[in-house]
Amino acid sequence: MSRSRALLAVALVLALAAGGGGAWLLLRTRDTPGEVAATYLDAWARQDWPAMRRLAAAPPADFTARHQDMLKRLRVTTLRFTPGRARTHGGRAEVPFQARLGLRALADWSYQGELRLLRRDRRWLVDWSPAALHPELTAGEHFERRRSWPPRAPILAADGSRLAGPGPVVVVNVVGGHVTDRAEVAAALQAHAGVPAAAARAALDQAARQPDQLTPVVTLPRARYLAVRDQLHPVPGLSSAEAQGRVTAGPPSARLLLGGLGPVTADDLRRLGPAYQAGDLVGHGNGLEAAFERQLAGRPGGDVRLVGAGGATATVLQRFPATPGEALRTTLDPKEQQAGERALAAGAHGKPAALVALRPSTGELLAVVNTPPYDGFDRALLGRYPPGSTFKVVTAAALLASGLGPDDQVACPKQVKVGGRTFGNFEHEQLGSIPFRTAFAKSCNTAFVGLAARRLTAARLRAAAARFGFGSDPSPGIPAVTGQVPPAADAADLAAEAFGQGRVTTSPLQMATVAATAADGRWRKPRLVAAPGGDAGAAPAPLDPAVAGTLRTLMRLVVTGGTAEGAGLPAGVAGKTGTAEFGSGDPLPTHAWFIGFRGDLAFAVVVEGGGVGGEVAAPIAARFLAPLSR
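Residues numbered from 1 in each chain as written. Predicted model: local features only at pLDDT ≥ 70, side-chain atom pairs only at ≥ 80, totals over all residues. Heavy atoms only, no water.

A. Up close: unusual backbone geometry. Omega for the bond connecting Thr371 with Pro372 falls within 30 degrees of zero, at 0 degrees, which places this linkage in the cis form. Within the element layout of this structure, Pro372 appears in the loop between strand 17 (365-371) and helix 13 (379-382). Even without being glycine, Asp121 reaches a positive phi, approximately 50 degrees. With respect to the element layout, Asp121 can be found in the loop between strand 4 (107-120) and strand 5 (123-126). Residue classification places Asp121 among the exposed positions, given a relative accessible area of 65%. (Helix = DSSP H or I, 4+ residues; strand = E, 2+ residues; numbered from the N terminus. Buried < 20%, exposed > 50% of the residue type's maximum accessible area, 1.4 Å probe, protein only.)

B. View of empty space enclosed by the protein. Going through the model one piece at a time under the given rule, you end up with two cavities of 30 Å³ or more. By volume, the largest cavity is sized at about 50 Å³. Lining the largest cavity are Val172, Tyr225, Leu232, His233, Leu238, Ser239 and Ser240. Elements supplying a minimum of two residues to the lining of the largest cavity: helix 7 (222-232) and strand 10 (238-248). In terms of residue count, strand 10 provides more of the lining of the largest cavity than any other element does, three residues in total. (1 Å grid on protein atoms, 1.4 Å probe; cavity = no way out; pocket = protein on both sides within 12 Å on 5 of 7 lines; lining within 4 Å. Points joined across faces, edges and corners; volume = space filled by probe spheres on them.)

C. A look at the pairing of strand 22 (residues 574-581). In terms of burial, strand 22 is largely enclosed, as six of its eight residues are buried. Where strand 22 lies against strand 23 (residues 590-597), eight bridges are found, and the strand directions are antiparallel. When the bridges of strand 23 are listed, Gly578 appears paired with Trp593. (Pairing = 2+ DSSP bridges.)

D. Region of the structure containing the nonpolar core. By size, the foremost hydrophobic cluster in this structure holds 108 residues, and its most contacted members are Phe436, Phe470 and Leu569. Discounting residues that sit within four places of it in the chain, Leu569 has contacts with Val559, Ala564, Phe594, Ala618, Ala621, Ala622 and Leu625. Core analysis: the next-biggest nonpolar cluster, separate from the first, contains 40 residues, Trp49, Met70, Val76 and Leu103 among them. (Core = buried A, V, L, I, M, F, W, Y, C linked by side-chain atoms within 4.5 Å. Contact = heavy atoms within 4.5 Å.)

E. Focus on the sheet that holds strand 6 (residues 142-148). With antiparallel pairing, the three strands of this open sheet are ordered in space as 6-13-14. Single-partner strands in this sheet number two, and they are strand 6 and strand 14 (313-320). Ignoring which end each strand starts from, the neighbouring axes of this sheet average 20 degrees apart. The strands that helix 4 (residues 63-74) touches are strand 6 and strand 13 (301-307); relative to strand 6, the one it contacts most, it runs at about 10 degrees. (Axes fitted to C-alpha atoms, helices over the stretch in contact; angles between N-to-C directions.)

Distances and angles like these do not, on their own, reveal function.
Here you go:
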């Protein structure tokens, strides 16, 4: 028994014992309006519908359904109520309350409500009506919420031109019931809409299971769709619908850096937080759309309204303004991006390849080009390759720091044996006793193997590599792999690493920063966004100025009288070729590399399985630089 009821019982006994003078106590109302209202609101917050019904005077049959309908339509995640002071007059009372409802992926909605109570059978009960849910709700009306995102902010190149932004698109669909020839539909989607074969088959399979529904396959910018409409529209089973969406512009090769948009996933919802809900479109992939999702998307807006039985809006109860996204300006230079596209198209001969260009003084990425551009793999930032002789820039820095001079004589035999393993030069070249500068310019493997065995340790080579960014995070705002120089296990391992083989791995981005470090004297974290956020982390120690100066001289000799002499590179270019062995076979296949710099521009080129760096990658660099030199 509660304390208040126990006191009431004691008082009643005393009153009866006194001869009837306290009989009025039999008529006293249990609890107070404020207590009942607080208990009712507490049950509402817990969604304890039976407890609420017990506190209501005459709850309708659909009492629970009406409350649940409100929560479902508004997508309520939290309920909080704060009762105010009760106003009592006779057998009636009113208790105001402050409601605060969390609306999923929208906002918190607060409103002032009121509970009306009446006294019945010595109890205070809620005199329920639709107005108990909200003071403006009447019979026949229901709640409705609307929510929408603001237009997604654009992604811009360094010159302000648009790389991606809002624009008209056309959604190409498959209608399973109208398909007469699967092969014809698949061929049209692949040839004219750029849909991969597997995606086309999956769409056709889904359309077959839902023959009366539209199955979206691909979204194209309206201008691109119009160019292929005559090839797509007549195909039975294909349909199209115009919409507003995301349109890319600028150099086609930049699109891989942008990434794409797709329906939000469960993982996305956990990562992005409460502003998102199922059905939203978000940035996907390893590009800028995903990395800067919150900045580009802003926050959604909407409203809460009352709607009548006919569907007409009766009252807008609350509006939630959307927060527009902010434009993202990148460091990409469209002129350099286009120059890289043309250079790879002309020189890679259909092989997978990548080109990266950046500004040594700032780390700003000016061009990131991949070919083929639509295979979905950003080999420029995520590819892992042995660097071959381009790594000799790092080894040379370690050797110069050990006291070796550019004019010191070194041996360049056809072969050299270290740790039980035999190392040789490309095409069995042997130059005899030559200055170190010539060994670098001519890329003599055996000279570097012998020097590493006598002058370097695994720790010294790794320390030198660290100054060029190996082991540091090169991610420029989107994911990128880190170059690695694992500790050499033995002398043979160190010998292989000295000319970029063994277990050394790197990316074109990383090797572009190697050239940039030689040009500027210090490694700078690459960046793709004009105003990057977050901590760039501790930068490696700069190169010794004397070492950096000698490296620049040596790299210039590669172009004027070394392995890149005949590549057609413009005046002022310094660089290093690389022919990196990989895989298996006799002879082993090789990636073609060239890294270099000219003024405040550094770059790296790799052609997968391309052959000889000086014959394939260096001419691509020359084609890239030619229009930029005018």
